[in-house]
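Now for the letters of each chain:
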2 protein chains.
Amino acid sequence: MSISSTTSRVWNSRRLAKAARLDAARDFTDGKVVDSTRLREVLQALIRPGDRVALEGDNQKQADFLSRTLADCDPAMLHDLHMVISSVSRPEHLDLFERGIATRLDLAYAGPQSVRIAQLVADGTVTLGAIHTYVELYARMFTDLTPQVALLCAAAADRDGNLYTGPNTEDTPTIAEATAFRDGVVVVQVDRLVDAGELPRVDIPGDWVDLIVVADRPFALEPLFTRDPRRIGDVEILKAMIALCGVYERHEVVSLNHGVGFDTAAIELILPTYGEELGLKGRIARNWALNPHPTLIPAIESGWVESIHSFGGEAGMERYCAARPDIFFTGADGSLRSNRVLCQLAGQYAIDMFIGSSLQIDADANSSTVTDGRLSGFGGAPNMGHDPGGRRHASAAWLDLAHGDGASRRGRKLVVQMAQTFRAGGVPTFVESLDAIDVGKAAGMPLPPVMIYGNDVTHVVTEEGVAYLYRSDSLEERRECLATVAGATPVGLRSDSHTVERLRRDGLVAFPEDLGVDVRRANRSLLAAHSIGDLVDWSGGLYDPPARFREW
Amino acid sequence: MSISSTTSRVWNSRRLAKAARLDAARDFTDGKVVDSTRLREVLQALIRPGDRVALEGDNQKQADFLSRTLADCDPAMLHDLHMVISSVSRPEHLDLFERGIATRLDLAYAGPQSVRIAQLVADGTVTLGAIHTYVELYARMFTDLTPQVALLCAAAADRDGNLYTGPNTEDTPTIAEATAFRDGVVVVQVDRLVDAGELPRVDIPGDWVDLIVVADRPFALEPLFTRDPRRIGDVEILKAMIALCGVYERHEVVSLNHGVGFDTAAIELILPTYGEELGLKGRIARNWALNPHPTLIPAIESGWVESIHSFGGEAGMERYCAARPDIFFTGADGSLRSNRVLCQLAGQYAIDMFIGSSLQIDADANSSTVTDGRLSGFGGAPNMGHDPGGRRHASAAWLDLAHGDGASRRGRKLVVQMAQTFRAGGVPTFVESLDAIDVGKAAGMPLPPVMIYGNDVTHVVTEEGVAYLYRSDSLEERRECLATVAGATPVGLRSDSHTVERLRRDGLVAFPEDLGVDVRRANRSLLAAHSIGDLVDWSGGLYDPPARFREW
């Protein structure tokens, strides 16, 4: 083959296209600053039919001025867009599809829009690329899903495009990097525009930002991680006691993530009471990959916590985090710095344990939050809820679950699922077959949307006790183990007393009495805080709960 | 329990300590700029005994002015440091320990220092924390290994501390973020200091940087990913042909990473010849997570490659990457933007296949580069060389390896190991027991330092053929499979002809004739480039090979 490097190919087509798009928007901009009243025209000039567009819907922070305006664009001009939205949280995210502006969607999470998204997929209005875990979606932005345009969100900018995110840095730097460094157009809505040098800190350099627009109102923020202690009942407290004795203490769990939910909130609130009584302070739960959960305030104030790195911020926790820089990652301006990718990296590779709640678990311990026709997505759980095959460093907890021989011997991350045997209304949590199988079929997905796979789960904690699934030798024994803690559900009814006694004796399951947990003590008196008001008191008035959580 | 938030605890001790350190260095600094002739005094003022210090030794870029100066400090003042160095590449990284300045080491890779590090661990001079994969080490910087001081490296800075890294962004933003946002001190050596606004682009905001120092000479850079086509022989070409037919084509591998080595360089160089002949252009190998390998130039120029995101740069590839922005991620200044964490994320979650060479493989397919008393570390391989349990999106290749039933059914990433049955000098690659077991014991490691675990490996390619390990039903069958391609090594001699024929028939192994590979064609005429000079020609003169690779 002869060497031929004199191809006539254009090697900077993306750069030329970007320049043309920015040029087309120039009538409505002053330098990098967009005239807010002309944002619709600007978007119609920047975006072309068929474009891949990343729209910042994060777990908390929402670029809602941009999303509302995009949904209001003319479908004759903008159509067939391929939207990449990590968290489909707002009605207009789906209006885009109903109005014919977008047709294809890649996402990670769809909490409040989960019913509607399932319907739109079923009727063909939305063509689903895939549902990802967060970091998987970002990984693809550097591979085969790089956006032509990114619509992002920050707290403030200067005229050079330097951005200040405040505590909610979240996903902005990652999406900006994927777009800016492959000649995509980066547009950012900000709450305020300040003079050069007046930003409290720079979270993203202006170099990476093409256009900024001052939003019509402050960006939307969801307090997803706030749980009111008033809603924690005796069953959650019992499960928390069981988890603390049967998992945290037994395996010396030092570094961890807590999922969102009342189960783990209960654990956070009994650390300073029951945990202290057990003599666990300083021995467990020191290093966290976690959003600033308000229910962790009593444990922080009581000296349990050494460090917390966060995926995002939490509404109302701004002043508290800023006042506790020894614990939280904060910037020179004093406020929290979060970063979803880096916190997910910590949650995958650095921590001993991931523990979260599940809505539905099958006999093999597969679990999903996809129930009742909801296509709720995965969020961050799959990334943290598996044993990372690339981990090579040891910790006491990791080694405690070691398995294999010779060169094949390795430790294991704890992946713990908490569940109540029945949900509200008497619906069993443990089922023969996950709803996810039917929902996946209806959506034309190649595989069922399972959140956490059974073979990744090491422990299941219910109000009945702990199933130590990682100690089972076979799939059959794992099923027996799980059935033992599944109560009177269809899965639990498979259990027989002979098997149960064998599993208890062999240490594959443990009931409260096996763990020294006195079930009579499982009541609200064990909670370090009984209300949002108590959390405010614990924080010395630094925590400012959102209005919906104020009961006074 | 009563609510007590009026603790007397100090919550900003890290911030106070940082201020005190910077204050102690003030005599030798002008704003953020350190007097280069007083760097030793500055380091002695900033760092305290027992500190955790991150020192930037990346795969390629080395903060060598800082490391040489640190090694020259007074051990009476600086001692018992805990060094966190991703790549222990330079002699002074270990001089630190011999001089008593540092005692503890956490690392990811120790290529050229691998023999000496094994000796220093054995004699107790170095206390090993753990050997990590790259991103795992960074994950711990946000959890339990956050540095008090980071010593980093960039191409240029302005007086506000804004940094320009050029193509070698690599690990700098991640280490800076972990340190800066937990009140650690960030010191950066730069090749040049420029006026405000004169940086070609900003890779890291000045906010995150406390001090900059102009280095005594340009930072050291290792051309780790350059392979001279002259050194590729017929056996590598045969393996490349087998891999292309038996793996790439068979599974429709679209997105991938190539490890460093002559095996994968040979594959890169036969894409425009043999690959073209097979009609594979546009069907395979389009999206890459890869450093800018010079041996990929002919495939890029021939139109095979859609995108490449890079962990780091490669010496000599600067002008070529800048001239191909449709392919590489580049900044507004035109030059490459690399980022190890984000590329490793792509390499873990987004790609169909990881393929790399191995020096030693045991009968269970565990492999390691730890041989002959070398403690060479892991680098990035473990992160990419396993099936990520958190992956949820499908691709054709991933689904082609699907396994399990019902809710448990999922796809699988291809993890391919290439090896020649015997290394130079007649040393068998396939062995009964990995050297890593003894090396790990000597170093007091809790588990043997295995690079890629056998149960993560889906394919092994040798000059004998392909073993499709993922199709085996049992550990025993996996061993049989592997033995079939292990030639006359101790592992290969276990194989018998009856078993071999059964495995061929059942599609668990394939020999060249089974794949339509004509072994007589396995010679250098298939290479698109025969020398570094040819690569320069293919690049149209844009590739500038380092002096050591220039044969003219």
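Remember, predicted model here, so these are calculated numbers, not experimental data.

*Asks:* So what exactly am I meant to see when it comes to the overall build of chain A here?
*Replies:* Counting secondary structure elements, chain A contains 19 helices and 25 strands. Expected size for 552 residues packed as a compact globule is a radius of gyration near 24 Å; at 25 Å, chain A falls within 12% of this value. The principal-axis extent of the C-alpha atoms belonging to chain A is close to 75 × 60 × 50 Å. Evaluated residue by residue, chain A yields a buried proportion of 67% over its 552 residues. Within chain A, contacts between residues at least 6 apart in sequence are counted, and of these 74% link residues at least 24 apart.

*Asks:* Could you clarify how one ought to interpret the sheet that holds strand β14 (residues 287-289) of chain B in this entry?
*Replies:* Adjacent strands of a sheet form backbone hydrogen bonds with each other and so pair up, either parallel or antiparallel. As summarised here, the arrangement of the eight strands in space is β15-β14-β13-β16-β19-β23-β24-β25 (chain B), forming an open sheet in which the pairing is mixed. Bordering the open sheet on either side are β15 (307-309) and β25 (509-510) of chain B, each of which pairs with just one other strand.

*Asks:* What's the story with unusual backbone geometry in this structure? I'm lost.
*Replies:* Although it is not a glycine, Ala365 of chain A adopts a positive phi angle of roughly 80 degrees. Residue position: Ala365 of chain A is located in the loop between β17 (360-362) and β18 (367-368). Under the relative-accessibility criterion, Ala365 of chain A is labelled buried at 2%. Despite not being glycine, Asp183 of chain B has its phi angle at roughly 60 degrees, a positive value.

*Asks:* Sorry if this is basic, but what is going on with helix α8 (residues 234-251) of chain B here?
*Replies:* The α-helix winds at 3.6 residues per turn, so residues separated by three or four positions along the chain end up facing the same way. Residue and element names in this part refer to chain B. Compared with an ideal rise of 1.5 Å per residue, which puts 18 residues at 26 Å, α8 spans 25 Å between its outermost C-alpha atoms and is within 8% of the ideal. Of all bends in α8, the biggest is about 35 degrees, found at Leu244. By the criterion of burial, α8 is predominantly enclosed, with 14 of the 18 residues buried.

*Asks:* How should the domain arrangement of chain A be read in this particular structure?
*Replies:* One frequently used descriptor of interface size is the decrease in accessible area upon assembly of the parts. All names here are of chain A. Here chain A is partitioned into domain 1 (16-221), domain 2 (224-235 + 255-352 + 518-540) and domain 3 (358-463 + 465-510). For domain 1 and domain 3, the distance between their C-alpha centres works out to 37 Å. Carbon and sulfur atoms make up 68% of the area that domain 1 and domain 3 hide from each other, which totals about 1100 Å². It is Ser114, Ile131 and Thr133 that lose the most area in domain 1 upon contact with domain 3, and together they represent 40% of the buried surface on that side. The interface formed by domain 1 and domain 3 holds zero salt bridges in total. Viewed at the interface, domain 3 and domain 1 are joined by seven residue pairs in polar contact (both at pLDDT 80 or more).

*Asks:* How should the sheet that holds strand β18 (residues 367-368) of chain B be read in this particular structure?
*Replies:* All names here are of chain B. In space, the three strands of this open sheet follow the order β18-β17-β22, with mixed pairing throughout. Every other strand in the sheet has two partners, leaving β18 and β22 (430-431) as the edge strands with one partner each. Pairing of strand β17 (residues 360-362) with β18, which is carried by two bridges, proceeds in the antiparallel orientation. Its bridge partner lying in β18, Gln360 is registered against Ser368.

*Asks:* Looking at this structure, how should I read the relation of the copies chain B and chain A?
*Replies:* You can overlay chain B on chain A at an RMSD of 0.0 Å; the transform is a turn of 180 degrees with a shift of 0.0 Å along its axis. Such a combination of turn and shift is consistent with a two-fold rotation axis. Among all residues of chain B, the one whose C-alpha sits closest to the rotation axis is Pro205 of chain B, at a distance of 3.0 Å. Looking at the interface residues of chain B, 100% of them are also at the interface in chain A, so both copies use one shared face.

*Asks:* When you look at the pairing of strand β16 (residues 353-357) of chain A in this model, what are you seeing that I'm missing?
*Replies:* Regular strands place their side chains on alternate faces of the sheet. Residues and elements named next belong to chain A. Counting buried positions over the five residues of β16 gives four, a clear majority of the element. Bridge count between strand β13 (residues 255-258) and β16: three bridges; the pairing is parallel. From the neighbouring strand, His258 faces β16, where its bridge partner is Ile355. When β16 meets strand β19 (residues 414-418), the two strands line up parallel, connected through five bridges. Within the sheet, the bridge partner assigned to Met353 lies in β19 and is Leu414.

*Asks:* Just to check I follow, could you spell out the pattern of salt bridges for this structure?
*Replies:* Pairing of side chains with opposite charge becomes possible as their charged atoms draw close. Per the stated rule, a full pass over the model turns up 76 salt bridges over all chains. The closest approach of N and O atoms between Arg40 of chain A and Asp72 of chain A, which form a salt bridge, is 3.8 Å. Here Arg40 of chain A is found in helix α2 (residues 39-46), whereas its partner Asp72 of chain A is found in the loop between α3 (64-71) and β5 (81-87), with 32 residues between them in sequence. By sharing partners, the salt bridges in this structure join Glu177 of chain A together with Arg201, Asp203, Asp333 and Arg337 of chain B into a single network.

*Asks:* What is the right way to look at the pairing of strand β6 (residues 102-109) of chain A in this model?
*Replies:* Residues and elements named next belong to chain A. Examined bridge by bridge, β5 and β6 share six bridges and lie parallel to one another. Opposite His82, over in β6, you have Arg104 as the bridge partner. What joins β5 to β6 is helix α4 (residues 91-98), and the crossover it makes is right-handed. Read from β6 through helix α5 (residues 114-122) to strand β7 (residues 127-131), the crossover connection turns out right-handed.

*Asks:* Would you take a moment to explain the interface of chain B and chain A for this structure?
*Replies:* Between chain B and chain A, the contact holds 109 residues from the first and 109 residues from the second. A combined buried area of about 8500 Å² lies between chain B and chain A, and 60% of that area is made up of carbon and sulfur atoms. At the boundary of chain B with chain A, the tally comes to two salt bridges. Ionic pairing is found between Glu177 of chain A and Arg337 of chain B, a salt bridge with its closest N-O pair at 3.0 Å. Summed over the shared surface of chain B and chain A, the number is 40 residue pairs in polar contact (both at pLDDT 80 or more). Per-element tally for the side of chain B that touches chain A: the top contributor is helix α12 (residues 340-350) of chain B, with seven residues. Among the residues forming the side of chain B that touches chain A, the class breakdown is 50 nonpolar, 33 polar and 26 charged.

*Asks:* Is there a simple way to explain the packing of helix α12 (residues 340-350) of chain A against helix α6 (residues 134-141) of chain B in this structure?
*Replies:* What describes two packed helices is the angle between their axes and the distance between those same axes. Two numbers describe how α12 of chain A lies on α6 of chain B: the axes approach to 8 Å, and their chain directions differ by 110 degrees. Taken together, the axes of α12 of chain A and α6 of chain B are roughly perpendicular relative to one another. Of α6 of chain B, the residues touching α12 of chain A (which contributes Leu345, Ala346, Tyr349 and Ala350 of chain A) are Val135, Glu136, Ala139 and Arg140 of chain B. In terms of residue class, the contact of α12 of chain A with α6 of chain B is built from six nonpolar, no polar and two charged.

*Asks:* Quick question: what am I supposed to make of the packing of aromatic side chains here?
*Replies:* How two aromatic rings sit relative to each other is set out by the distance from centre to centre and by the angle between their planes. On inspection of all chains with the given rule, the structure shows eight aromatic pairs over all chains. An angle of 35 degrees between the planes, with centres 5.8 Å apart, marks the rings of Phe142 of chain A and Phe329 of chain B as tilted. Pair noted here: Phe142 of chain A is in the loop between α6 (134-141) and β8 (149-158) and Phe329 of chain B is in the loop between α11 (318-322) and α12, and the two residues belong to different chains. Across this residue pair, the class does not change: Phe142 of chain A and Phe329 of chain B are buried. Note that Arg9 of chain A overlies the ring of Trp11 of chain A, its terminal NZ or CZ placed 4.1 Å from the centroid. Over the face of the ring belonging to Phe262 of chain A we find Arg227 of chain A, whose NZ or CZ atom lies 5.5 Å from the ring centre.

*Asks:* Can you help me understand the side chain of Thr489 of chain B in this one?
*Replies:* All names here are of chain B. For Thr489, the location among the structural elements is in the loop between α16 (475-484) and α17 (497-505). A polar side-chain atom of Thr489 sits 2.7 Å from the main-chain carbonyl oxygen of Ala486. Ignoring anything within four residues of it in the chain, the contact list for Thr489 reads Thr421, Phe422, Pro428, Thr429 and Phe430.

*Asks:* Honestly, the side chain of Asn162 of chain A in this entry has me stumped. Any pointers?
*Replies:* Residues and elements named next belong to chain A. Mapped onto the secondary structure, Asn162 falls in the loop between β8 and β9 (163-164). Residue class for Asn162 comes out buried when judged on its relative accessible area of 17%. Looking at Asn162, its side chain comes within polar contact range of the side chain of Asp158, at 3.0 Å. Those residues within four positions of Asn162 in sequence are excluded, and the remaining contacts are Ala156, Ala157, Leu199, Val202, Ile204, Pro205 and Gly206.

*Asks:* Just to check I follow, could you spell out the environment of Ser495 of chain A for this structure?
*Replies:* Residue and element names in this part refer to chain A. Tracing the backbone through its elements, the reader meets Ser495 in the loop between α16 (475-484) and α17 (497-505). Judged by relative accessible area, which is 27%, Ser495 ranks as partly exposed. Along the chain, Ser495 and Thr484 lie eleven residues apart, while their C-alpha atoms are 5.8 Å from each other. Discounting chain neighbours no more than four positions away, the residues touching Ser495 are Ala483, Thr484 and Val500.

What counts as what
Residues numbered from 1 in each chain as written. Chains lettered and ligands numbered in written order. Predicted model: local features only at pLDDT ≥ 70, side-chain atom pairs only at ≥ 80, totals over all residues. Heavy atoms only, no water. Helix = DSSP H or I, 4+ residues; strand = E, 2+ residues; numbered from the N terminus. Rg over C-alpha atoms; globule rule 2.2 N^0.38 Å. Buried < 20%, exposed > 50% of the residue type's maximum accessible area, 1.4 Å probe, protein only. Contact = heavy atoms within 4.5 Å. Pairing = 2+ DSSP bridges. Expected span 1.5 Å × (residues − 1). Bend = angle between axes of the 7 residues up to and from the residue. Domains from an automatic or database assignment. Buried area = accessible area lost by both parts, 1.4 Å probe. Salt bridge = Lys/Arg side-chain N within 4 Å of Asp/Glu carboxyl O. Polar contact = N/O pair within 3.5 Å; in protein donor to acceptor, adjacent residues only side chain to side chain. Least-squares fit on C-alpha atoms with pLDDT ≥ 70 in both. Right-handed = clockwise from strand over helix to strand, strands pointing away. Nonpolar A, V, L, I, M, F, W, Y, C, P; charged D, E, K, R; others polar. Axes fitted to C-alpha atoms, helices over the stretch in contact; angles between N-to-C directions. Parallel < 35°, antiparallel > 145°, perpendicular 65-115°, else oblique. Phe/Tyr/Trp six-rings, centres within 6.5 Å; stacked < 30°, edge-to-face > 60°. Lys NZ or Arg CZ within 6 Å of the ring centre and 35° of its normal.

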